[in-house]
Amino acid sequence: MATRTMDREVGKASSQAEQDPMERMSRAMLRARVLEDKLASLYRAGRIVGGVYLGRGQEGLSAAGGVALRKGDVLAPLIRDMAGRLGFGEPLVDAVRAYLGSKLGPMKGRDGNIHRGDLSRGILPMISHLGAMVSATAGVLLAKRMKKEKGFVGLTSAGDGATSTGSFHEGLNVAAVEKLPLVVVVADNGYAYSTPNDRQFACTDLLDRAKGYGVEGHGVDGTDPEACWEVVGRAVQRAREGAGPQLVVGRLLRLCGHGEHDDGLYIDKKMKSSDRGRDCMEVLRDQMKSRGLGKDWDRWEKEAQEEVEGAVKKVAEEPLPDPFEEDWRATAMVGAAEAVQKG
Amino acid sequence: MATRTMDREVGKASSQAEQDPMERMSRAMLRARVLEDKLASLYRAGRIVGGVYLGRGQEGLSAAGGVALRKGDVLAPLIRDMAGRLGFGEPLVDAVRAYLGSKLGPMKGRDGNIHRGDLSRGILPMISHLGAMVSATAGVLLAKRMKKEKGFVGLTSAGDGATSTGSFHEGLNVAAVEKLPLVVVVADNGYAYSTPNDRQFACTDLLDRAKGYGVEGHGVDGTDPEACWEVVGRAVQRAREGAGPQLVVGRLLRLCGHGEHDDGLYIDKKMKSSDRGRDCMEVLRDQMKSRGLGKDWDRWEKEAQEEVEGAVKKVAEEPLPDPFEEDWRATAMVGAAEAVQKG
Amino acid sequence: MSVTYLDAIRAAQEKALEDDPSVFIYGQDVGKFGGAFKATKNLAEKFPGRVIDSPISEDAMVGLAVGAAMEGMRPVVEMQFADFSTVGLNQMLNHAATTYWRTGRPCPMVLRLPSGGTPGSGPFHSQSMEAIYAHYPGLVVMTPATVEDAYSMLLEAIAMPDPVVFCEHKLLYYHLKAKSLPAEAVPAFKAHVARPGRDVTCVAYSAMVHEALAAADELAGEGYETEVVDLRTVKPLDTDTILASVARTGRLLAVGESWPWGGVSAEVVSRVASEGFELLDAPPRRLNAKDTPIPYHPNLWSAHRPTAVRIAEALREVLRY
Amino acid sequence: MSVTYLDAIRAAQEKALEDDPSVFIYGQDVGKFGGAFKATKNLAEKFPGRVIDSPISEDAMVGLAVGAAMEGMRPVVEMQFADFSTVGLNQMLNHAATTYWRTGRPCPMVLRLPSGGTPGSGPFHSQSMEAIYAHYPGLVVMTPATVEDAYSMLLEAIAMPDPVVFCEHKLLYYHLKAKSLPAEAVPAFKAHVARPGRDVTCVAYSAMVHEALAAADELAGEGYETEVVDLRTVKPLDTDTILASVARTGRLLAVGESWPWGGVSAEVVSRVASEGFELLDAPPRRLNAKDTPIPYHPNLWSAHRPTAVRIAEALREVLRY
Ligand SMILES: Cc1ncc(C[n+]2csc(CCOP(=O)(O)OP(=O)(O)O)c2C)c(N)n1
Ligand SMILES: Cc1ncc(C[n+]2csc(CCOP(=O)(O)OP(=O)(O)O)c2C)c(N)n1
Ligand SMILES: [Mg+2]
Ligand SMILES: [Mg+2]
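Undergrad: Even after reading the chapter, I still don't get the overall build of chain A, so can you show me in this structure?
TA: When helices and strands are tallied, chain A shows 14 helices and 7 strands. Its C-alpha atoms give chain A a radius of gyration of 20 Å, within 12% of the compact-globule value 20 Å for 343 residues. Taken along the three principal axes of its C-alpha coordinates, chain A extends 70 × 50 × 45 Å. Expressed as a percentage of its 343 residues, the buried residues of chain A come to 65%. Counted over contacts in chain A with a minimum sequence separation of 6, partners at least 24 positions apart contribute 74%.

Here it is in structure tokens:
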């Protein structure tokens, strides 16, 4: 973790970025939105390797987690966490590399896109099986505690659908038993792929589960980035203070299909036009404008566009993975084994 | 299910048995206790095939479930449910056959003891993997509903430890989504094998989980058979009325080791001597005595002893499984396949 | 008019729902949405209450099907991807598969697994899990390679008294086409000689049958006649048909898309070596994917899986002996 | 003084805890209670905070170990029985096993599986799951047969940079004894010729090594010298040692306690048939358990698993050719 240089990555900008979390939120969200818009158009142009799953409409909730974490913390992002990743310090170019299949990407073309991670930066590479990252993140935290590190937090996210997995349940329960500083942010966007909440669970609010796990619960309007920052920030703070696992449930909608192959037409129109269907980017832009930061916002947006275009251009010239250069080894032990057998 | 003859099995006795659930509770509990005491002594004498796991101290909670069910219902018992099985109508001799390895037992020596079941009677044969029976029971209920049966209930039990399994979580959640008439009785005996509650979950009371699943919750003192009857009976009634899944949590202790190989010395002495450590058999005996049924109690006990001794004697002379007579087929399709290939 | 492999799977489910009131479908997004791959498109509308959306709970999905099957229904469970069936595996291996042996009562259910690699789908959306399921007793494991088999075998699977794991290949879903649905079927549990030949036997299944056929074409140009045996069902395995082919050719290559340790190719080679030792004029060989997770990037992926080119190379080696 | 197989497992864990502060033990009842089989007896007292009781959450147990291993620890996870690892399988196959390939960073952890049949333990407390784990890339699968190997291989497993599935045989726990713990070990990943012989090779692993040795004794009385090869590790498989033995004997029987479809015996036979075809003077054979769940009743169980008697019969058939 020692090599992570979050600050350099997040804001090349003023040291003000260090002080104002809403600026960091804004920049992370803008960079995520601009990048994902670009990825969507590259997808339509057939230039993306693999599927494209976007966080559109969920940037506020996601970014809040990334921004609330600091060096030495650990983030286990899920499929809609571009903003959280960028907020935590994942280099934007790594994301582009993953999607364009560059060999220089964090997984070298072996795994891609949403699965990218970088253990040296404290970003866990998700596996697809929903719920699985909860216990893995708990394991990282347990290890840190055993190594006598102090003041660290781990954060992972989940959708409303992922809460139905046994893995989610076991993971959160184990974390609670061990009183680990784990924050689980549930983005309740009303649907798991096409499946609405009422086919996913029967409780009124997923927050009702917190008590049953013996963890602290926090609800938030996921379309309101300032509220997200406040609530997720508080949850991270509580975890850092030693209050054990925190369950945050943000209500929002995803403003896109499940993936870019999906038109999302099944999403209830009434819900879409309700407050839950607000675009958090617009909400934040207005919030920032009302704080007199409208010009900064525009500049950040422009910077994000330049950064994204630059990254895409750069990555487009990078080499692709080459099967003949691959060493096709799934284990690290071959070398060791040879040593033993020769010795 | 049509072949199940619960009434004949449960009470050879008066038609009063039909009316007074506490008599049925008493008889089921007494028969279970007497039988399990016998099994324990047979185990020590080396006459049991496989392990012996007893329900000592949990008979009240278990019996309540069995007695509350009726023909057409389904019971998925767990390892401490001898009383519930007998209360529901499992022939006592089948239990003995399983433990002594008789070929005439319900699983013919292929599987044994606590795993026995009889689908024709609505008793599911448990698999060992904790939590797995919850969704399976839900599946039986879903099937019954699809077949347009009416007024049926399914009941399964779990220990405090089993609530930590992903399978339990997924199963209860699915049942809640489908609003199935499923009663899950959690026997919180403070320990899972040697593991105390505080290493198993972090909530104050497992009942706190009901709300998170969107199901009705019922707490009960598991050492008080009348209370168990009342509460479990009500839960079964609620499920039967269409109120969806019911979670019952009974607090009690197991008054034995995890299995008969285990001395259970890890159980907290204070807990043992507290009200939670009461023997529900004694509680019920006093309850029945105070209702003027002391003599009946003694008679039932004697009848149980005779029944158990008779069954053990009878089964001891039954044939054991013979590998040469086994057809060693794990699937039913061989016949069908041959027909096709010849045809 | 033409019918794709996926159409066939949809049509088989439709017919089963029509013919047998005990059939129902359960899976994530299978209802109104019609499933991630549209294998259940329009079925929810046509059969109200019988095509049911499940939560993301693979263990409970299979467990629920086991219970329903015990109670006389014939559930068809769709996994969104085969790879996710690992989290429902226990209910299949230890519950569904043991029910008949333990109780003498059948557990008729089908687990549909969208299987196999496609470009860009990576380590968790590309797996072929037939070997895992086939190792445990109590399950039938089908791996149809053709549109006709996708249809008739799925109908067979649903009608069968046992739990069936039905491995569909995603790469065939849209591209593989037939003129129409079949009126007749190859007998159950029989392998099929997809292409006759006298020089070498290539045993394959699922998508690999097509790679093998392409390889056979290539070798035909070089004067070798490859007999391609499509296993169709990998458990039970139709050893007779394989041995009969090897008896003709004297040479064997077994191809599998899954990983090299164990699996169908090992089972085939070891049966032939044991039971058909004298039929062999050359060492039997296997070809599988490489022993790493399935790569996401197509450059790596196409080098990871057996392809017509690699199969042709392996066949040449077998012939060269 | 003597040391049992179980003592060796306990001692190896004790030594690992002593030597390496990054080692910790996680599992149900492993703490003060010392584990269901007492494989961690007294370790919690001796290493406070490093021998941790887990909830009944196999998926989370393995998942937690994966995370801890990524963070530089070396967790040893005890499953109460191998059979229950099906519910933690996904984290092992798809998380632990893919980490090195996907990230280039090691995931050093050990999953201890009390495996194999014992009388009366039935379908869910008797399984041998090595084939399931070995099929997926990214895992090392060890199956020690001796007290010495139980000790030295567990130490190796814990020190290894990769996730290791360590299959211990419950039947050996109490009965198998050695004079003392070993000072030296057979090299990692090497099979071991447990008994030399020139007439036939019997490849076995775990408890089956002892059945094979007993069968070899029986055949010795009939004038046949059986070479017994103890695989020790089934993935990676030491093909060289097997081939060298078959080169001497010309005949092969591969024995496995698990089920007959796939598994170690298929892998061994098919490798020898492919790579050592010319060494074989007779068809290579396999012997496994029957293809049903593992029966509870000892009468059935002893007919279900390979025993010395059945191995001897199979060896005679190989020799008779
Ligand atoms: C165990 C498992 N089952 C199924 C899937 C396939 N799948 C991927 S995303 C998804 C929907 C997730 O819904 P939710 O958790 O609500 O997250 P959202 O997509 O709404 O952000 C499904 C079913 C999976 N990844 N893992
Ligand atoms: C998935 C799974 N893991 C582990 C076990 C081994 N096991 C059998 S009973 C038991 C303890 C169960 O505790 P609890 O659920 O509280 O029930 P109790 O024994 O107290 O009645 C354990 C760990 C199992 N059967 N299934
Ligand atoms: Mg969602
Ligand atoms: Mg308990």
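Undergrad: Even after reading the chapter, I still don't get the overall build of chain C, so can you show me in this structure?
TA: Scanning chain C from terminus to terminus reveals 11 helices and 14 strands. Relative to its length of 321 residues, chain C is compact, with a C-alpha radius of gyration of 19 Å against a globular reference of 20 Å. Counting only C-alpha atoms, chain C reaches 60 × 40 × 40 Å along its principal axes. Put simply, chain C has 321 residues, and 75% of those count as buried. Pairs at least 24 residues apart make up 81% of the contacts formed inside chain C by residues separated by at least 6 positions.

Undergrad: Looking at this model, I keep getting lost on the site of ligand 1. Mind explaining?
TA: In the vicinity of ligand 1, 19 residues are found, and the nearest of them are Arg80(A), Gly161(A), Asn189(A), Tyr191(A) and Glu58(C). Residues close to ligand 1 are split across chains A and C. A distance of 3.2 Å separates a nitrogen atom of ligand 1 from a polar atom in the backbone of Leu130(A). Taking Tyr191(A), its main chain carries an N or O atom lying 2.8 Å from an oxygen atom of ligand 1. Grouping the amino acids of the shell around ligand 1 by side-chain chemistry returns 8 nonpolar, 8 polar and 3 charged.

Undergrad: What is the right way to read the relation of the copies chain D and chain C from this model?
TA: Mapping one chain copy onto the other needs a rotation about an axis and a shift along that axis. Of the two same-sequence chains, chain D is brought onto chain C (RMSD 0.0 Å, axial shift 0.0 Å) by a rotation of 180°. What we have between these two chains is a two-fold relation. The position closest to the rotation axis in chain D is occupied by the C-alpha of Ser270(D), lying 2.3 Å away. Both copies present the same face, since 100% of the interface residues in chain D are matched by interface residues at the equivalent positions in chain C.

Undergrad: Any chance you could explain the environment of Gly88(D) here in plain terms?
TA: Residues and elements named next belong to chain D. Note on placement: Gly-88 falls in the loop between strand E4 (74-78) and helix H4 (89-103). The class of Gly-88 is buried, set by a relative accessible area of 2%. Considered as a pair, Gly-88 and Tyr-151 are 63 residues apart in the sequence and their alpha carbons are 25 Å apart. Setting aside its immediate chain neighbours within four residues, Gly-88 contacts Glu-58, Asp-59 and Val-62.

Undergrad: What should I look at first to understand the confidence of the model for chain C in this one?
TA: Note: predicted coordinates in regions of low pLDDT should not be interpreted at a detailed level. This prediction gives chain C a mean pLDDT of 98; 100% of its residues lie at or above 70. Reported confidence for the predicted complex is 0.97 by ipTM and 0.97 by pTM.

Undergrad: Can you walk me through the coordination of the magnesium ion (ligand 4) in this structure?
TA: When a metal carries six donors in an octahedron, the ideal angles between them are 90 or 180 degrees, while four donors in a tetrahedron ideally lie at 109.5 degrees. All names here are of chain B. The protein atoms that coordinate the magnesium ion (ligand 4) are Asp-160 (OD), Asn-189 (OD1) and Tyr-191 (O), at distances spanning 2.0 to 2.2 Å. The sequence motif formed by the donor residues of the magnesium ion (ligand 4) is D-x28-N-x1-Y. With Asp-160 in the loop between strand E2 (154-159) and helix H8 (166-177) and Tyr-191 in strand E4 (residues 191-192), this pair connects stretches of sequence that are 31 residues apart. In this structure Asp-160 comes out as buried when scored by relative accessible area, which is 1%.

Undergrad: How should I be thinking about the sheet that holds strand E3 (residues 182-188) of chain B in this particular structure?
TA: The pairing of strands in a sheet happens through backbone hydrogen bonds and is either parallel or antiparallel. Residues and elements named next belong to chain B. Pairing is parallel across the open sheet formed by 5 strands, whose spatial order is E1-E2-E3-E7-E6. Looking along the sheet, the strands with just one partner apiece sit at the ends: strand E1 (74-76) and strand E6 (216-221). Direction aside, the axes of adjacent strands within the sheet are offset by 20° on average. As defined by bridge partners, E3 adjoins strand E7 (residues 246-251) across 6 bridges and the pair is classed as parallel. Note on E7: the bridge partner recorded for Ala-187 is Gly-250. Its contacts with the sheet place helix H7 (residues 132-146) against E1, E2 and E3, and it is angled at close to 175° to E2. Taken strand by strand, H8 contacts E2, E3 and E7, and its axis lies near 145° from that of E3.

Undergrad: Mind showing me how you'd approach the domain arrangement of chain C here?
TA: Where interface size is given, it is often the accessible area lost as the parts come together that is meant. All names here are of chain C. For chain C, the assigned domains are domain 1 (3-178) and domain 2 (192-320). The distance between the C-alpha centroids of domain 1 and domain 2 comes to 26 Å. Contact residues are listed per partner, giving 31 residues for domain 1 and 23 residues for domain 2. Regarding the contact of domain 1 and domain 2, the summed buried area is about 2,000 Å², with carbon and sulfur atoms giving 59% of it. Taken as a group, Glu-130, Thr-143 and Ala-145 account for 20% of the area that domain 1 buries against domain 2, more than any other trio of residues on that side.

Undergrad: Could you clarify how one ought to interpret the interface of chain D and chain C in this entry?
TA: Each partner contributes to the interface: chain D provides 51 residues, whereas chain C provides 51 residues. When the two sides are added together, the surface that chain D and chain C hide from each other amounts to roughly 4,600 Å², 66% of it contributed by carbon and sulfur. Per-residue buried area on chain D facing chain C is highest for His135(D), Trp261(D) and Phe277(D); these three make up 21% of the total on that side. Summed over the shared surface of chain D and chain C, the result is 4 salt bridges. Linking Arg286(C) and Glu267(D) is a salt bridge whose minimum nitrogen-to-oxygen distance equals 3.0 Å. In this structure, the connection of chain D to chain C is made through 24 residue pairs in polar contact (both at pLDDT 80 or more). Of all the secondary-structure elements, those providing two or more residues to the side of chain D that touches chain C are H4, helix H5 (130-135), strand E12 (233-235), helix H9 (263-275) and strand E14 (285-287) of chain D. For the side of chain D that touches chain C, the leading source of residues is H9(D), giving 9 residues. Residues that form the side of chain D that touches chain C fall into these classes: 28 nonpolar, 12 polar and 11 charged.

Undergrad: Help me out: how do you make sense of the sheet that holds strand E2 (residues 23-27) of chain D in this one?
TA: Residue and element names in this part refer to chain D. Across the sheet, which stays open at both edges, the 7 strands sit in the order E3-E2-E4-E5-E7-E6-E12 with mixed pairing between neighbours. Looking at which strands have only one partner, the edges of the open sheet turn out to be strand E3 (51-53) and E12. Strand-to-strand, the axes of this sheet are offset by a mean angle of 20°, without reference to chain direction. Of the strand pairs in this sheet, E2 and E3 are connected by 3 bridges, and their pairing is parallel.

Undergrad: Quick question: what am I supposed to make of the site of ligand 2 here?
TA: The full set close to ligand 2 counts 19 residues, and Arg80(B), Gly161(B), Asn189(B), Tyr191(B) and Glu58(D) are the nearest of them. Here an oxygen atom of ligand 2 and a side-chain polar atom of Arg80(B) are 2.7 Å apart. Contact with the protein chains removes 94% of the 590 Å² of surface that ligand 2 exposes when unbound. Of the residues that constitute the shell around ligand 2, the class distribution is 8 nonpolar, 8 polar and 3 charged.

Undergrad: Quick question: what am I supposed to make of helix H8 (residues 239-249) of chain C here?
TA: Along an α-helix, a turn takes 3.6 residues, which lines up residues three or four apart on a common side. Residue and element names in this part refer to chain C. Within H8, the full set of buried residues consists of Thr-239, Thr-241, Ile-242, Leu-243, Ser-245, Val-246 and Thr-249. Of the surrounding secondary structure, the elements contacted by the buried residues of H8 are strand E9 (192-195), strand E10 (200-204), strand E11 (226-230), strand E13 (252-255) and helix H9 (263-275). Downstream of H8 by a residue or two, Gly-250 has a phi angle that is positive, lying close to 75°.

Undergrad: So what exactly am I meant to see when it comes to the packing of aromatic side chains here?
TA: Within a pair of aromatic rings, the relevant descriptors are the distance that separates the centres and the angle that separates the planes. Under the counting rule described, the total for this entry stands at 23 aromatic pairs over all chains. Each member of the aromatic cluster is reached from another via a ring pair, and the members are Tyr5(C), Phe37(C), Phe81(C), Phe84(C), Tyr173(C) and Tyr174(C). Above the ring of Phe152(B), the side-chain terminus of Lys144(B) is found at 5.9 Å from the ring centroid. Across the ring face of Trp328(A), the terminal group of Lys290(C) is positioned such that the distance to the ring centre comes to 5.3 Å.

Undergrad: What's the story with the nonpolar core in this structure? I'm lost.
TA: Core analysis: the largest hydrophobic core is formed by 315 residues, its most contacted members being Tyr133(C), Val268(C), Tyr133(D) and Val268(D). Listed in part, the 45 residues of the second largest apolar core include Val30(D), Tyr151(D), Met153(D) and Ala178(D).

Undergrad: Teacher, can you tell me more about the interface of chain A and chain C here?
TA: Between chain A and chain C, the residue contacts involve 37 residues of the former and 30 residues of the latter. Around 2,500 Å² of area is buried between chain A and chain C when both sides are counted, 66% of it from carbon and sulfur atoms. Seen at the junction of chain A and chain C, the total is 0 salt bridges. The interface formed by chain A and chain C contains 13 residue pairs in polar contact (both at pLDDT 80 or more). In the side of chain A that touches chain C, the residues fall into 15 nonpolar, 14 polar and 8 charged.

Undergrad: Hey, could you run me through the pairing of strand E5 (residues 109-115) of chain C in this one?
TA: Consecutive side chains of a regular strand alternate in pointing toward one face of the sheet and then the other. Residue and element names in this part refer to chain C. Summarising burial for E5: 7 of the 7 residues are buried, a large majority. With burial as the criterion, each face of E5 is covered, one bearing Met-109, Leu-111, Leu-113 and Ser-115 and the other bearing Val-110, Arg-112 and Pro-114. Where strand E4 (residues 74-78) and E5 come together, 3 bridges link them in parallel fashion. The residue of E5 that forms the bridge with Glu-78 is Arg-112. As a crossover connection, the stretch from E4 through helix H4 (residues 89-103) into E5 is right-handed.

Reading guide: rules and limits
- Residues numbered from 1 in each chain as written.
- Chains lettered and ligands numbered in written order.
- Predicted model: local features only at pLDDT ≥ 70, side-chain atom pairs only at ≥ 80, totals over all residues.
- Heavy atoms only, no water.
- Helix = DSSP H or I, 4+ residues; strand = E, 2+ residues; numbered from the N terminus.
- Rg over C-alpha atoms; globule rule 2.2 N^0.38 Å.
- Buried < 20%, exposed > 50% of the residue type's maximum accessible area, 1.4 Å probe, protein only.
- Contact = heavy atoms within 4.5 Å.
- Near = heavy atom within 4 Å.
- Polar contact = N/O pair within 3.5 Å; in protein donor to acceptor, adjacent residues only side chain to side chain.
- Nonpolar A, V, L, I, M, F, W, Y, C, P; charged D, E, K, R; others polar.
- Least-squares fit on C-alpha atoms with pLDDT ≥ 70 in both.
- pLDDT = per-residue confidence, 0-100.
- Donors = N, O, S within 2.8 Å, 3.2 Å for Na, K, Ca; no water.
- Pairing = 2+ DSSP bridges.
- Axes fitted to C-alpha atoms, helices over the stretch in contact; angles between N-to-C directions.
- Domains from an automatic or database assignment.
- Buried area = accessible area lost by both parts, 1.4 Å probe.
- Salt bridge = Lys/Arg side-chain N within 4 Å of Asp/Glu carboxyl O.
- Areas by Shrake-Rupley, 256 points an atom, 1.4 Å probe, with all protein chains shown as cover.
- Phe/Tyr/Trp six-rings, centres within 6.5 Å; stacked < 30°, edge-to-face > 60°.
- Lys NZ or Arg CZ within 6 Å of the ring centre and 35° of its normal.
- Core = buried A, V, L, I, M, F, W, Y, C linked by side-chain atoms within 4.5 Å.
- Right-handed = clockwise from strand over helix to strand, strands pointing away.

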